[in-house]
Amino acid sequence: MAENRPDGRHDTIPAFSLLSRHRAARVALMVALPGAIGVESKPPLAGSRRWAASDEAKGLTLISPTLLYALALLFLPVLIVIAYSFWSQDYLTIDRSFTLENYRVALTEPIYRDLLWRSLIISLAVSLITVTFSYPVAWFISFHGGVHKNLWLFLITVPCWTSYLLRVMSWKVILGYQGVLNTGLMSTGLIDQPVTTLLYNSNAVIITLVHSWAAFAILPIYVSLEKIDRSLIEAAHDLGDNKVWSFLRVTLPLSLPGVISAFLIVMIPTVGDYVTPKLVGGKDGVMIATAIQAQFGKGANWPLGAALSVTTMVIVSAMAGCMVLALKLFVRRIK
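Caption draft 1: Summary view of the packing of helix H7 (residues 164-175) against helix H8 (residues 180-187). For the pair H7 and H8, the least separation of the axes is 4 Å and the interaxial angle reads 25 degrees. In terms of their interaxial angle, H7 and H8 are classed as roughly parallel. On the side of H7, the interface is formed by Val-173, Ile-174 and Leu-175, while H8 contributes Val-180, Leu-181 and Asn-182. In terms of residue class, the contact of H7 with H8 is built from five nonpolar, one polar and no charged.

Caption draft 2: Up close: the pattern of salt bridges. Applying the stated criterion to the full structure yields five salt bridges. Ionic pairing is found between Glu-226 and Lys-149, a salt bridge with its closest N-O pair at 3.1 Å. Here the residue Glu-226 occupies a position in helix H9 (residues 202-226), and Lys-149 occupies one in helix H6 (residues 149-157), the gap between them amounting to 77 residues. Since its relative accessible area comes to 18%, Lys-149 is described here as buried. Its salt-bridge partner being Arg-249, residue Asp-241 comes within 3.1 Å of it at the nearest N-O pair. Relative accessible area serves as the criterion here: at 18%, Asp-241 is assigned to the buried category.

Caption draft 3: Spatial organisation of the packing of helix H5 (residues 110-144) against helix H12 (residues 256-271). Contact pair H5 / H12: the axes reach a minimum separation of 9 Å and the direction vectors enclose 145 degrees. Both H5 and H12 take part in a crossing whose hand is right-handed. Residues Ser-119, Ser-123, Leu-124, Val-126, Ser-127, Leu-128, Thr-130, Val-131 and Tyr-135 of H5 touch H12, and the partners they reach there are Val-259, Ala-262, Phe-263, Val-266, Met-267, Thr-270 and Val-271. When grouped by side-chain class, the residues that make up the contact of H5 with H12 number 11 nonpolar, five polar and no charged.

Caption draft 4: Broad picture of the nonpolar core. Of all hydrophobic cores here, the largest spans 56 residues; its most connected members are Ile-122, Val-126, Ile-221, Val-280, Ile-288 and Leu-308. A total of 12 residues in this core trace back to one element, the largest contributor, which is H9. Contacts of Ile-288, omitting those with residues within four sequence positions, involve Tyr-112, Leu-115, Leu-116, Ser-119, Val-271, Leu-308 and Thr-312.

Caption draft 5: Examining unusual backbone geometry more closely. Backbone geometry places Tyr-200, a non-glycine residue, at a positive phi of 60 degrees. Assignment of secondary structure puts Tyr-200 in the loop between H8 and H9. By relative accessible area, which is 41% here, Tyr-200 ends up partly exposed. With a phi close to 50 degrees, Ala-300 is a non-glycine residue in the positive phi region. Its location among the elements puts Ala-300 in the loop between helix H14 (288-296) and helix H15 (302-334).

Caption draft 6: Molecular detail of H5. A rise of 1.5 Å per residue sets the reference length of H5, with its 35 residues, at 51 Å; its end C-alpha atoms lie 51 Å apart and thus fit the reference within 8%. Residue Gly-146 follows H5 closely and has a positive phi angle near 60 degrees.

Caption draft 7: Layout of the environment of Met-313. Looking at the element boundaries, Met-313 is found in helix H15. For Met-313, a relative accessible area of 39% corresponds to the partly exposed category. A sequence separation of 45 residues divides Met-313 from Ile-268, and the C-alpha atoms of the two residues are 8.8 Å apart.

Calculation notes
- Residues numbered from 1 in each chain as written.
- Predicted model: local features only at pLDDT ≥ 70, side-chain atom pairs only at ≥ 80, totals over all residues.
- Heavy atoms only, no water.
- Axes fitted to C-alpha atoms, helices over the stretch in contact; angles between N-to-C directions.
- Helix = DSSP H or I, 4+ residues; strand = E, 2+ residues; numbered from the N terminus.
- Parallel < 35°, antiparallel > 145°, perpendicular 65-115°, else oblique.
- Contact = heavy atoms within 4.5 Å.
- Nonpolar A, V, L, I, M, F, W, Y, C, P; charged D, E, K, R; others polar.
- Salt bridge = Lys/Arg side-chain N within 4 Å of Asp/Glu carboxyl O.
- Buried < 20%, exposed > 50% of the residue type's maximum accessible area, 1.4 Å probe, protein only.
- Left-handed = near helix turned anticlockwise from the far one by under 90°.
- Core = buried A, V, L, I, M, F, W, Y, C linked by side-chain atoms within 4.5 Å.
- Expected span 1.5 Å × (residues − 1).

None of this, on its own, says anything about what the molecule does.
Here it is as structure tokens:
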């Protein structure tokens, strides 16, 4: 086909071009006047239907069985323990009548109050010491590990390959009356007779727990340090900060998420640790988990054991929140 031009010449327009223009015009007309050409416009999807058709909804649908399974494993046992804490027990008979007597005993009886207080102090001390010693190790690997970073991380995780019980027993051998430490001190002439205060007390529990949880504190701190942009530290040096101030103003605040994670990872499990106090704690290192186990075992008082568990869980959660807030305030003040 041909089209006239102003200069009198004729240009040939391909047929497929005219067809494309015709189709474009038809599409535009269908969009603008759907009723005029007999095409019904589809109503917009409602909010719920639009969300159900989204990729987010499809993704949640795929993970929902796993999510429900995880929630069942996490919340159902907790709900059962909470329910038991409001009941009472007479030997093997459970009375499901609502009562707060178990919580009164858990919070007012001196033996349980002292055990809970001791457990919180030991857990807090273990967390602070572990994070304090783990941070320099993680910092050294991140900033000075070079090509051997993976090797350093590998060596840190080697103790975790063995049984937790075996590691606790090894510290019992080290700190014992005729253990490695006493023997070494006597051979050097620093002491004349073995020291009896190394084992079966709170200090032995703290030492053992710090060693057992050190690797779990180093790894999150290391990951947080690896995410720091090194150019920010160089910029701090260019602006006049020395190594100490650049660490306090740049490295420490940016690594705070790893520090908080490490603190919580160590503190929460150590409050309920049962094996370590039993093996190396003695009567001076008994923690609340021992009392809880006794109520569920020989004591045959599951409601009281459940009340002790719930009380410990609530106090630890509040304590963890306060410590996170304190760390954030501390970093904010030094910035």
